[in-house]
Amino acid sequence: MSKTTPIDYSHLDLMRVLGGPEEERLVNAFFVMYKTARIVDATNAMFARQADAFMERLQVLRIERRDLAIKRVSRRFFVNDRMVRFNEAGNIGADAILEEWRLLGLAGVRFSSQLTRQNLIDFVVFIAGLKVTPDSVDELSGRIRSCMLEGIELLSVQQVEEELPAFSDAVRTRFRRSARETFFRAMAVAEDIIASTSRGRELNMSRTRRVVQGLIEHILKDESSLIELTAIRDYDDYTYAHSTNVCVYALTLGVQLGLDRPRLSQLGFSALFHDVGKVKLPEDLIRKPARFDENDWLQMKQHPLLGAKTILRHIDHDVYAARAARSAFEHHINIDLSGYPQLVVEQRRPNLFARIISIADTFDALTSGRVYMKESITPAEAMRRMHGQTGRKYDPLLLKLFVDMIGIYPPGSMVLLSTREVALVVSHSKDDMARPFVRIIGNDKGLLEIPEWVDLSHPDNARRQIVRIIDPRKYGLRASDYILSD
Amino acid sequence: MTESPSTHTAQRLAIGHFLRDLLKVIKVVATYPPNNPLPNTLKQRLATDLLTLLDEHDEIRITVEADKLNWEHEVVYFDRSRDEALAALFFHTGITSFAFMPTMTASDLSRLIDVFRDYLNSAGRSSDLAAELWEANIGGFEIETVEDISLSIYDDEFDIEAYLRRSTDDADPDVVDSDVQRYLDLFREGIVQNEIDLGDSGQIETQDDDEDPGQDSDPSCGSADSNAGLSLTDVPTVTGAHDRSVSSQKPSPVHDTTLIFNDQISLSEEERRQVVALLAQDAGFDPAESTVALLKEMLNQEIEYGGFCESLKITEKITSGLIETGDLLQATRLIGYLDELRSALAATRQLWSEKISEVRDGFGSANRMRHLADALNRHSQIGAEELKRYLGNFGWQSLSAITDLLGDFNHRHHRETLCDFLAAAGKNNIDIVARTLYDKRWFVVRNSVMILGRIGDDKSLAHIRRAVNHEELRVRREVLVAIRSNLSKTATAMLRELVFDSDERLRGDALKTLLGRRSDSAFEALADILDDPRTTQLLSLGQQRQILIAYSALGGKDVLGYLKAMIIPVNPLGNHTLKERRMSAFLALAENSSPETEELLTGLSSSWRRDIRRQARLALTAWRQRRFGYE
């Protein structure tokens, strides 16, 4: 029997489930203290300061004397029921700690109002001093159980999962609807950008920034629902969808990297504008159904320069315009400078945003079959090819993160299961990439009236394994019919 | 226990006061320079008030109307005027409500106020307050905006289908309808169980052909044949109506994706550190520097004249923008690069080179210089060195436009830099610089005098002379400063004129300067002064004495007759002035270095007139003391 997996947010108002900077600081302070305790003793002055800092952060957040718990579920952190981001910079070293927790079956720690500074120090010193190996798990678990410190409670995986509210159908529906609204607004803005620049009209910067921020907000909560929408391919005009897809991929990668909000906003903006240079190319070239010939490519290779010019011409110069112009110019240059345009003045490697957009752009182009190539390929094949070009075309680190982010079966992919069922991937599990959360839409007897939501990573679904990704168009299916439905 | 009405009213009033104070603090912070202590003091006080309020409330949520702010459905603040328009500030940017949460700290409030400051001070109010607040991610402060309304024109949820294909399969080979037969093909191809081979290592083996899928597998490469390197048996692809044999191909083997399972896709600690380093490097992104570098590249990428002109126009626009925002350093670099490019293209692409000249010269125009002045006045932090380098881009062709700026700079260090520049650049074009001597604004004339004084040659002095009688004292004073170190005849002559200035202090300073000179022209000037009837009217007896002494010191034996003539006249009535003149003459004789002076004084020492005899002996003593060291 399948189980509806509890996904990581409460049934509260969606706007409220995200934790703020204070929660992020608390989580960071905790892990900083933890890591320090591994290398210094309890009397160390730095450790003492960190403990004080943590107690202060705890006080700031403690409202009405509630207990405060730090929890981790599926790579997401929570402070009580508010989800927080723990960025890549903070992650250094914390992964090792979290891996030990996983071995010990721990998923969190709760601090009650009775917590004292000394108890906190004693606890951190104790837990940080445990040498966790697969062989020592049982013994250490016993020690942990017997370690009773007032004000502190260690939480098991089961406890944490039970405490976090289940992802109800209502919440899931609202969230997916919200994702659709945000996504299609972004597409409409992309269309506006193209239309405005082609007619020499002024661009509404405020609207563009706000839409990008809407995308970011959504990704910060859960990227899967937006990435799922990038799988829709059957647009009449793919230009706007492509820009939007690239924006979603780029922002998701940016969130993974831990970019701050201003830079995320700039990145999203740059991604929406990355192909604006194509507005200056002949329309029949853009819409050419057949393959490009040499002459077509020569023209097409002008679009980075045209894009940079368009941006600098039509947008008042600020950090947004500067970033967007540079990204538009550089996104085909390649990391080894072998791409286009060939640089003349300075052999300057593409900047971070251009590298991100390059990866996102290529991935969408390969998997859509609508941008340059006239056939699409599966995400896995796209990643395989891109991986083969790592270090030459793509930044190796960024590509790794991108692959990790997309997963083997990106949301929106249609897959065939070993149980002769067809399913749409909804979100992938970071803990097990091969076993995502899916909607079963049909089997060998036909399409289901009501698709079934299934968590493949649940033990009950062990018999269901993904055989391969399928191209829905080949089998008379439209992914959009399922992606766009609740 | 419910709140009493009076308690609620008190709370409402307190919140209203806080909001009013918030606006005041925002305005002060936006007006005062950052290092001024007043803004910080006000911020701290406001933070104390806020934290007190937050102690009483779980959160303070305010809803926004066009000219009102409401708390718990009651008005707590309303905009009294355009200057007190806190509600409008939120309303016009689309913020429908905002809230102060219990977790907000003093530091958060300070940052919030800084966001408002930056928004209010942004040129042309081009930034979006809601977007700025979002980006700032201020702890304990939340906003809600009208996205749903303002972007509702994009609410395509019901029109999503408009974006999607509706055409039939016949009309467009990529479109498919639900087709039972084709759907069932999916299962006829056979379900192959998961073929992942973990092997002994627990890892999935990668394919050998991962090495180089070939250039053509990247859609962004220029190859015409994008099938090169691609095995058609590997991946089933949809090519539309032309290829119906796809269904007969084997399904993609699972091991195409096996590399994903490998540890290599996980970042190691070292790689994570590299990511952090990458982010840190990116954090140093300088928009101006980046765009300048980009423009240089773009100009070199153009292959057609039309495109080149367009890029040049954009360069012009960006340079103007850089000047406007006060980034003269980058503007200088860009203009400098245009010069380089112009030279590089002169031989091979003359037309392009000329176009650059046209643009380049435009930066030295009067209009552009005016923009420069406006920018400098807005950005006092622009340093002298930066301005100097920028002005260094321009030659004599722009001298007139630059000279016209003399009256337009508000900040002293900018004015001084400009004067230094004009002093150096104006040497061979004095007439251009001197035009401003006729400006109606006294401070312009003064600056012009300063510059001409620094140039200091005869031609510039000839121009300065016109300002000797300027109606504004500060201009005349500047004339004195300008000629003070100039020992030329013209300068000395001007000093002579200034000795009779209407201002007493200026007269004294000019005289002092003149008396310090030891030249023939100084002697002539002193002689002129002594002959001038204004001397006795405008100069004090002490000053007259000083003149006489200096006159004697410089004149040698030639002045003895003049001095003797001052001594000899009889003064039966004991006229004080005559007495003073006689005394001054004897003092002057004592300073005269000619040997004939001793003879004169010796003769006068034996005069039958007692007063003359006495003074002569004293003068002789002093003379001998000075000359020989003894009496």
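Residues numbered from 1 in each chain as written. Chains lettered and ligands numbered in written order. Predicted model: local features only at pLDDT ≥ 70, side-chain atom pairs only at ≥ 80, totals over all residues. Heavy atoms only, no water.

Participant: Lay out the overall build of chain A in plain terms, naming residues and giving numbers.
Facilitator: When you go through chain A residue by residue, the secondary structure sums to 20 helices and 10 strands. Burial status across chain A gives 66% buried among its 486 residues. Taking the intrachain contacts of chain A between residues at least 6 apart in sequence as the baseline, contacts between residues at least 24 apart amount to 70%. Carbon together with sulfur atoms contributes 48% to the accessible area of chain A, which is approximately 17,000 Å² in total. (Helix = DSSP H or I, 4+ residues; strand = E, 2+ residues; numbered from the N terminus. Buried < 20%, exposed > 50% of the residue type's maximum accessible area, 1.4 Å probe, protein only. Contact = heavy atoms within 4.5 Å. Areas by Shrake-Rupley, 256 points an atom, 1.4 Å probe, with all protein chains shown as cover.)

Participant: Before we move on, could you go through the overall build of chain B and cite the residues and values that matter?
Facilitator: For chain B, the count of helices and strands is 30 helices and 5 strands. A sequence separation of at least 24 residues applies to 64% of the contacts in chain B between residues at least 6 apart. Total accessible area on chain B is roughly 31,900 Å²; 50% of this is exposed by carbon and sulfur atoms.

Participant: Please provide a residue-by-residue account of helix α5 (residues 129-136) of chain B, values included.
Facilitator: In an α-helix, one turn spans 3.6 residues; hence positions three or four apart end up facing the same way. Residues and elements named next belong to chain B. For α5, a buried count of 7 out of 8 residues is recorded, marking the element as mostly surrounded by other parts of the structure. Every buried residue belonging to α5 is among Leu129, Ala130, Ala131, Leu133, Trp134, Glu135 and Ala136, and all of these are buried. With a side-chain oxygen lying 3.2 Å from the backbone nitrogen of alanine 130, the N-terminal cap of α5 falls on aspartate 128. Immediately downstream of α5, the backbone of asparagine 137 shows phi near 50 degrees, a positive value. (Polar contact = N/O pair within 3.5 Å; in protein donor to acceptor, adjacent residues only side chain to side chain.)

Participant: Tell me about the nonpolar core, and please be specific about residues and values.
Facilitator: In this structure, Phe273 and Val422 of chain A together with Leu372 of chain B are the most contacted members of the largest nonpolar core, which totals 201 residues. Residue contributions to this core peak at 12 residues, all from helix α11 (residues 238-257) of chain A. For this core, the two domains that each supply at least three residues are domain 2 (166-406) and domain 3 (414-483) of chain A. In terms of nonpolar packing, the next biggest core, distinct from the first, is built from 42 residues, Val28, Val29, Leu109 and Ile113 of chain B among them. (Core = buried A, V, L, I, M, F, W, Y, C linked by side-chain atoms within 4.5 Å. Domains from an automatic or database assignment.)

Participant: Which residues make up the sheet that holds strand β5 (residues 141-145) of chain B, and what values do they have?
Facilitator: Strand-to-strand pairing in sheets goes through backbone hydrogen bonds, with the strands running parallel or antiparallel. Residue and element names in this part refer to chain B. Reading across from one edge, β3-β2-β1-β4-β5 is the order of the 5 strands in this open sheet, with antiparallel pairing throughout. Two strands lie at the open edges of the sheet, namely β3 (74-78) and β5, each paired on one side alone. With strand direction ignored, the average angle separating the axes of adjacent strands in the sheet is 25 degrees. Strand direction decides the pairing type here: strand β1 (residues 60-64) and strand β2 (residues 68-71), joined by 3 bridges, are antiparallel. (Pairing = 2+ DSSP bridges. Axes fitted to C-alpha atoms, helices over the stretch in contact; angles between N-to-C directions.)

Participant: Explain the packing of aromatic side chains residue by residue, including any values.
Facilitator: As enumerated under the stated definition, the model contains 28 aromatic pairs over all chains in all. Aromatic side chains phenylalanine 30 of chain A and tyrosine 34 of chain A sit 5.9 Å apart centroid to centroid with 75 degrees between the ring planes, which places their arrangement in the edge-to-face category. Here phenylalanine 30 of chain A and its partner tyrosine 34 of chain A are both found in helix α1 (residues 21-37), 4 residues apart, which amounts to about one turn of the helix. By the burial criterion, phenylalanine 30 of chain A is buried, and tyrosine 34 of chain A matches it. With centroids separated by 5.3 Å and ring planes inclined at 65 degrees, the aromatic side chains of tyrosine 390 of chain B and phenylalanine 394 of chain B adopt a geometry described as edge-to-face. The class for phenylalanine 394 of chain B is buried, based on a relative accessible area of 7%. (Phe/Tyr/Trp six-rings, centres within 6.5 Å; stacked < 30°, edge-to-face > 60°.)

Participant: Would you mind going over the confidence of the model for chain A in detail, with residue names and values included?
Facilitator: Residue and element names in this part refer to chain A. Across chain A, the average pLDDT comes to 82, with 88% of residues at 70 or higher. Mean pLDDT per element in chain A: helix α3 (residues 88-91) is the minimum at 47, and helix α16 (residues 319-330) is the maximum at 96. Segment residues 1-16: pLDDT under 50, and 50 contacts once partners within four positions in sequence are set aside and those in other chains are kept. (pLDDT = per-residue confidence, 0-100.)

Participant: Tell me about the sheet that holds strand β9 (residues 446-455) of chain A, residues and numbers included.
Facilitator: All names here are of chain A. Taken together, 5 strands build an open sheet; the order of strands is β9-β8-β7-β6-β10 and the sheet is antiparallel. Whereas interior strands pair on both sides, the edge strands pair on one side only; in this sheet they are β9 and β10 (466-470). Neighbour-to-neighbour, the strand axes of this sheet turn through a mean angle of 30 degrees, independent of strand direction. With 3 bridges joining them, strand β6 (residues 414-417) and strand β7 (residues 421-427) adopt antiparallel strand pairing.

Participant: Got a sec to walk through the confidence of the model for chain B? Specific residues and values, please.
Facilitator: All names here are of chain B. With 81% of its residues at a pLDDT of 70 or more, chain B has an overall mean of 81. Helix α6 (residues 147-150) is the least confidently modelled element of chain B, averaging 52 in pLDDT, while helix α10 (residues 287-301) averages 96, the highest of any element. Of the regions scoring below 50 in pLDDT, residues 152-159 engages in 17 contacts with residues more than four places distant in sequence or in other chains. Note that residues 165-178 has pLDDT below 50 and, in this model, 26 contacts with residues that lie over four places away or in other chains. Model confidence for the complex is summarised by a pTM of 0.75, with the ipTM given as 0.79.

Participant: Please provide a residue-by-residue account of the packing of helix α17 (residues 352-368) of chain A against helix α19 (residues 396-406) of chain A, values included.
Facilitator: How two helices pack is summed up by the angle between their axes together with the distance between the axes. All names here are of chain A. Running from amino to carboxyl end, α17 crosses α19 at an angle of 45 degrees, the nearest separation of the two axes being 10 Å. Put simply, α17 runs oblique to α19. Between α17 and α19 lies a crossing whose hand is right-handed. Of α19, the residues touching α17 (which contributes Leu352, Arg355, Ile356, Ile359, Ala360 and Phe363) are Leu398, Leu399, Phe402 and Ile406. In terms of residue class, the contact of α17 with α19 is made up of 9 nonpolar, no polar and 1 charged. (Parallel < 35°, antiparallel > 145°, perpendicular 65-115°, else oblique. Left-handed = near helix turned anticlockwise from the far one by under 90°. Nonpolar A, V, L, I, M, F, W, Y, C, P; charged D, E, K, R; others polar.)

Participant: Please give an account of unusual backbone geometry that cites residues and values.
Facilitator: With omega at -10 degrees, the peptide bond leading from tyrosine 340 of chain A into proline 341 of chain A counts as cis. Along the chain, the position of proline 341 of chain A falls in the loop between α16 and α17. Phi is positive for asparagine 137 of chain B, which is not a glycine, with a value near 50 degrees. Along the chain, asparagine 137 of chain B turns up in the loop between α5 and β5. Classification of asparagine 137 of chain B as partly exposed rests on a relative accessible area of 24%.

Participant: Talk me through the pattern of salt bridges; I want residue IDs and the actual numbers.
Facilitator: Residue and element names in this part refer to chain B. In total, this model carries 57 salt bridges over all chains according to the counting rule given. For arginine 368, the salt bridge is made with glutamate 316, and the minimal N-O distance between the two is 3.0 Å. Residue arginine 368 is located in helix α14 (residues 366-378), and its partner glutamate 316 is located in helix α11 (residues 305-324); the two are separated by 52 residues in the primary sequence. Judged by its relative accessible area of 18%, arginine 368 falls in the buried class. (Salt bridge = Lys/Arg side-chain N within 4 Å of Asp/Glu carboxyl O.)

Participant: Please provide a residue-by-residue account of a negative patch on the surface, values included.
Facilitator: On the surface, Glu202, Asp316 and Asp318 of chain A together with Glu324 and Asp374 of chain B cluster together to form a negatively charged patch. Among the structural elements, aspartate 374 of chain B can be located in helix α14. The class of aspartate 374 of chain B is partly exposed, set by a relative accessible area of 39%. (Patch = residues over 30% accessible without salt bridge, like charges linked within 9 Å, V, L, I, M, F, W, Y side chains within 5 Å. Lys, Arg positive; Asp, Glu negative; His and termini not counted. Charge placed at Lys NZ, Arg CZ, Asp CG, Glu CD.)

Participant: So what about the environment of phenylalanine 394 of chain B? Which residues, and what values?
Facilitator: Residues and elements named next belong to chain B. Tracing the chain through its elements places phenylalanine 394 in the loop between α15 (384-391) and α16 (399-403). In sequence terms phenylalanine 394 and alanine 553 are 159 residues apart; their C-alpha atoms lie 50 Å from each other. Non-local contacts of phenylalanine 394, meaning those with residues more than four positions away in its chain, are made with Ile335, Arg360, Phe363, Gly364, Met369, Ile402 and Phe421.

Participant: If you had to explain the side chain of arginine 355 of chain A to someone new, which residues and values would you point to?
Facilitator: Summarising the element assignment, arginine 355 of chain A is placed in helix α17. Relative accessible area serves as the criterion here: at 12%, arginine 355 of chain A is assigned to the buried category. With sequence-adjacent residues up to four places away left out, arginine 355 of chain A is seen in contact with Ile335, Arg349, Pro350, Asp395 and Leu398 of chain A together with Leu278 of chain B.

Participant: An account of the environment of threonine 173 of chain A is requested, with residue identities and associated values reported.
Facilitator: Looking at the secondary structure, you find threonine 173 of chain A in helix α8 (residues 169-198). Put simply, threonine 173 of chain A and threonine 378 of chain A are 205 residues apart on the chain and 27 Å apart in space, counted from C-alpha to C-alpha.

Participant: Residue-level account of the packing of helix α26 (residues 541-555) of chain B against helix α28 (residues 576-591) of chain B, with values.
Facilitator: Residue and element names in this part refer to chain B. Relative orientation of the contacting elements α26 and α28 amounts to 35 degrees, with a least axis distance of 8 Å. Along this stretch, α26 crosses α28, giving a crossing that reads as right-handed. Counted together, Leu541, Arg545, Leu548, Ile549, Ser552 and Ala553 of α26 and His576, Glu580, Met583, Ser584, Ala585, Leu587, Ala588, Leu589 and Glu591 of α28 form the full contact between these two elements. Considered class by class, the residues forming the contact of α26 with α28 number 9 nonpolar, 3 polar and 3 charged.

Participant: How would you explain the pairing of β2 of chain B if you had to name every residue and give the values?
Facilitator: Connecting β1 of chain B to the antiparallel partner β2 of chain B that follows it, the hairpin turn spans 3 residues. The hairpin turn running from β2 of chain B into β3 of chain B, its antiparallel successor, is 2 residues long, and glutamate 72 of chain B in that turn takes a positive phi close to 50 degrees.

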